[in-house]
Every structure is written in structure tokens, then in C-alpha cells.
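What follows is the residue order along each chain.
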Amino acid sequence: MSVFIPQMEPVITAEDADAVTAYMRSGAWLTEFEHTRRFEQMIAEYTGARFCTIAPNGTLALFLALVANGIGHGDEVIVPDLTMAASATAVVMAGATVVFGDIDPVTLCLDLTRVDERMTPRTRAVMFVSLNGRAPAALSDFARACRARGIAVIEDAAQSLGSFVGGKHLGTFGDCGCFSFSSQKIVTTGQGGAVVTDDEALFQRMKRIRDFGRSAGGSDHYLSVGWNLKFTDLQAVIGVEQMRRLPRLVEGKRRMYALYQQHLDGVSGIELPATDLTMVSPWFIDVLVKDRRRTALAEHLKSEGIGSRPFYPALHAEPAFGYDGSFPVAQLIAEQGLWLPSSLNLGEHEIERVCASIRRFF
Ligand SMILES: Cc1ncc(COP(=O)(O)O)c(C=O)c1O
């Protein structure tokens with residue numbers, strides 16, 4: 001019996017372990033300090049953003065960005081119907097109202113040509129999610145047009161570290177860009193998140209909000225309501241190690257996607273979404289399974305010792321949201337999408353095994 005191939009697992013190296021050990025022997029206070037500042041600096045440098053602030057996870061990074069942009073009760077935020085639930089629940093956490101919008105069938109991101117249809121006088125922000133590292137070339141113009149109308153663009157780039165549009169890193173088009181370092185992400189600290197921005201005033205607000213609203217570190221003078229959204233240096237030392245090898249991880253993701261493209265070429269029952277591998281560093285290997293055969297394919301893979309995972313559901317129809325409306329593209333893609341084994345721990349031989357199994361099924 002062959003070894004089970006999981007859909008995902010993190011890549012943790014000896015360098016990560018050594019960095020943690022060295023840190024633990026250094027008289028560490030564990031909570032955020034110099035290593036967290038270094039991690040923030042590396043993210044800002046890599047993405048080309050002026051400022052970066054860390055958060056405990058990607059959900060709280062989104063919450064922090066929304067609150068710092070002044071979004072709360074009475075405001076509406078447009079969110080794609082096909083995304084991880086946190087894109088929407090962060091809006092709820094900020095006290096605002098989620099307005100879902102349909103996605104584009106090519107990029108699988110919010111359909112920017114139809115966002116206007118979802119706007120009302122209460123629209124204060126658009127949550128643009130670069131799903132799996134993809135985004136349309138029109139994102140730049142879209143963000144500019146929103147800004148001119150006083151509507152914030154919060155980029156949920158949780159899946160997009162290492163991905164670009166027109167040479168510019170995702171997360172840097174909107175007012176704020178948010179990342180996640182949960183255990184399945186290309187850079188992982190177990191849990192973790194970050195917000196990047198070019199706006200110094202926003203950055204200063206975020207720094208205050210994430211430290212109880214204090215006027216300065218250690219002060220007990222509170223300028224605004226804030227929370228404890230701090231990180232730990234124990235995690236940051238791992239983040240710093242992984243940021244060092246990010247260029248190699250990005251290359252690995254692109255190579256893996258190209259291998260899947262090559263080995264699945266001509267399989268008529270599935271489609272790989274269009275992916276520009278000079279710009280996109282796909283987080284997961286995603287395929288669209290035609291003719292309602294996704295569940296059968298997943299079961300076949302499982303019977304051959306291969307893990308997979310269906311796409312997120314169309315959020316509007318989930319009990320958590322119970323939102324009236326019809327979003328046909330999101331619904332169709334949610335029914336067809338399947339994530340294949342995507343860990344950078346996989347070798348070429350294992351990818352070939354997955355693709356051979358898919359070919360056998362069809
Ligand atoms: C698109 C998207 N947004 C937000 C999140 C939430 O990030 P976290 O799990 O770090 O809170 C995720 C996590 O997978 C995500 O994929």
C-alpha cells in the first residue's frame with residue numbers, strides 16, 4: 001500500500017527548529033518584540049509596501065484593517081460570495097454588514113465589472129479577495145476608482161503571499177492588504193496574520209488599535225478603544241526563517257502547478273483555471289470537475305490513498321449568513337472546485353501518482 005498523500009501539510013525545516021531553540025535559550029520573553037518587528041519589515045520589503053503590522057491571525061488582520069479604516073455599524077462591505085468565511089465574518093466582527101457579490105468565472109475573484117450593482121449609499125468598502133493568488137489586471141484601476149469615491153478597498157490577500165499582478169504584489173493595490181500565516185499557508189507561523197499599507201496614518205491607527213488603544217507602548221493612556229492583537233516573538237522567529245526562503249517556496253509552488261498542468265493535460269473531465277505562473281504563486285492546486293463528478297473523483301482519490309478537499313461553499317447560502325440572493329457563478333464554481341495535494345513536501349513522483357489516479361478515474 002502506498003503512503004497516503006495529504007491534501008496539505010506545512011513545510012517545517014531544521015532551520016525553523018534551530019531558530020526556535022536559539023530564541024528559547026536567549027532569555028526570551030516570548031511575546032512580540034524585535035523578531036516581530038523584523039518579520040514585519042521583511043513582509044513590507046517583500047511586498048513593496050511602506051508599512052506592515054502583524055496580527056494574531058488573518059481574520060484579525062482583516063478586522064484590524066476594517067476598524068482602522070473607520071468601518072463599523074451602519075456600513076456595508078461588499079464581499080465575494082466564494083471565499084473563506086473569514087473574509088465575511090471579519091466584516092461582521094467589525095460591526096458592519098456583509099453584501100455579497102458574484103465572482104468572475106476566469107479569475108474566480110469578485111467580478112469587478114458588477115460591483116456597482118451591489119453598491120448602496122451605505123457602501124463603505126469592498127473586500128477584494130485574491131483567491132489562490134489570482135486577480136484581474138483591472139484591480140489597479142478599480143482600487144483607484146473606489147478611492148476617488150471615498151470607498152475603501154481592503155484586500156484579503158490571505159492566500160496571495162508570493163503572487164503579483166503586473167509585477168505589483170497583491171495586497172498593495174487597496175488601502176490595506178491582509179495576509180494569513182495559518183498552517184496551510186506558504187509562510188506559516190501556525191497562526192498569524194499581517195496588514196500592509198502605504199498610508200502612514202492608517203498604519204499608526206492600526207498600531208494603536210492592536211495595543212489596547214494606547215497613546216504609546218507601555219502607557220496607560222487610551223486614545224481610542226483598542227484590543228490586544230499582538231503576536232509572539234516565538235512565532236516570529238519561525239516567520240523570519242520562512243520569509244528568508246520565500247523566493248524558493250514561490251518557485252516551488254509554480255513548479256508544482258506547472259507539473260500538474262503538464263500531467264493533467266488533455267483530461268477532458270476537469271479544467272485548471274487560467275494561471276499566469278510568472279505572476280501567480282498558487283496556494284492550492286485547484287481544478288474544476290465537470291458533470292457533477294467532484295464527489296466521485298474525491299472518493300476515487302481517497303480509495304487510492306490521496307487526499308483532496310472541495311472548494312468553499314457559496315457563502316450566502318450557508319446557515320451562518322442566510323443571505324437572500326442568487327450568485328450563479330460562485331454557486332457553480334463552489335460545486336465544481338476541488339483542491340488537490342498541494343504541499344511543498346511533495347516530490348514529482350507523488351504528483352505523478354495523483355495525476356495518474358485522476359486519469360484512471362476519467
Ligand atoms: C481568503 C482567506 N481569508 C481569510 C482567512 C483567515 O485567515 P486565518 O485562518 O489566519 O484567520 C483565510 C484562511 O485560510 C483565507 O484563506
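Quick caveat, the model's predicted, so the values are computed rather than measured.

Participant: Account for the overall build of the protein, naming residues and giving values.
Facilitator: Helix and strand content of the protein: eleven helices and 13 strands. Relative to the globule expectation of 21 Å for 362 residues, the C-alpha radius of gyration of the protein, 21 Å, shows essentially globular dimensions. The principal-axis extents of the C-alpha atoms in the protein amount to approximately 65 × 55 × 35 Å. Long-range contacts, defined as pairs at least 24 residues apart, comprise 68% of the intrachain contacts of the protein with a sequence gap of at least 6.

Participant: Account for the domain arrangement of the protein, with residues named and values stated.
Facilitator: Here the protein is partitioned into domain 1 (14–244) and domain 2 (246–361). Averaged C-alpha coordinates put domain 1 and domain 2 at centres separated by 25 Å. If you look at the interface, domain 1 gives 26 residues, while domain 2 gives 28 residues. Mapped by element, the contributors of at least two residues to the side of domain 1 that touches domain 2 are β3 (97–101), β6 (164–165) and α7 (233–244). Tallied by class, the residues present in the side of domain 1 that touches domain 2 amount to 16 nonpolar, seven polar and three charged.

Participant: Tell me about unusual backbone geometry, residues and numbers included.
Facilitator: Even without being glycine, Asp291 reaches a positive phi, approximately 55°. Mapped onto the fold, Asp291 is located in the loop between β11 (285–289) and α9 (294–303). Residue class for Asp291 comes out exposed when judged on the 9 C-beta atoms lying within 10 Å of it. In this structure, Arg292 takes a positive phi of about 55° despite not being glycine. Looking at where Arg292 falls in the secondary structure, it is placed in the loop between β11 and α9.

Participant: I'd love a proper account of the environment of Met256, names of residues and values included.
Facilitator: Examined against the element boundaries, Met256 turns out to sit in helix α8 (residues 246–264). Here Met256 falls in the buried class, since 21 other C-beta atoms lie within 10 Å of it. On a C-alpha basis, the gap between Met256 and Thr295 in space is 24 Å, while along the polypeptide they are 39 residues apart. Residues contacting Met256, with those up to four places away along its chain left out, are Ile285 and Ile351.

Participant: With reference to specific residues and values, describe the sheet that holds β3.
Facilitator: Taken together, seven strands build an open sheet; the order of strands is β1-β9-β8-β5-β4-β2-β3 and the sheet is mixed. This sheet does not close on itself; its edge strands, each paired only once, are β1 (51–55) and β3. Adjacent strand axes in the sheet meet at a mean angle of 25°, parallel and antiparallel pairs treated alike. Note that strand β5 (residues 152–156) and strand β8 (residues 176–180) share three bridges and pair parallel.

Participant: Which residues make up the site of the ligand, and what are the values?
Facilitator: The environment of the ligand is made up of 14 residues, and the closest members are Gly58, Thr59, Met84, Ala158 and Ser180. The set of elements that each furnish at least two residues to the shell around the ligand consists of α3 (58–68) and α4 (86–93). Of the residues belonging to the shell around the ligand, the class tally is four nonpolar, nine polar and one charged.

Participant: Hey, could you go over the pairing of β1 for me, with residue numbers and the actual values?
Facilitator: Of all five residues that make up β1, five are buried, and the element is covered over most of its length. Covered by surrounding structure in β1 are Phe51, Thr53 and Ala55 together with Cys52 and Ile54, the residues of both alternating faces.

Participant: Which residues make up the sheet that holds strand β12 (residues 309–310), and what values do they have?
Facilitator: Here four strands make up an open sheet; going across it, the order is β10-β11-β13-β12 and the pairing antiparallel. Because the sheet does not close on itself, it has two edges, and the strands there are β10 (270–271) and β12. Note: β10 against β11, two bridges, orientation antiparallel. Looking across to β11, one finds that Glu271 is bridged to Leu288. Of the strands in this sheet, β11, β12 and β13 (337–340) touch α9, which is tilted by about 20° from β13.

Cut-offs applied
Residues numbered from 1 in each chain as written. Predicted model: local features only at pLDDT ≥ 70, side-chain atom pairs only at ≥ 80, totals over all residues. Helix = DSSP H or I, 4+ residues; strand = E, 2+ residues; numbered from the N terminus. Rg over C-alpha atoms; globule rule 2.2 N^0.38 Å. Contact = placed C-beta atoms within 7 Å. Domains from an automatic or database assignment. Nonpolar A, V, L, I, M, F, W, Y, C, P; charged D, E, K, R; others polar. Buried ≥ 20, exposed ≤ 12 C-beta atoms within 10 Å, placed from the backbone. Pairing = 2+ DSSP bridges. Axes fitted to C-alpha atoms, helices over the stretch in contact; angles between N-to-C directions. Near = placed C-beta within 6 Å.

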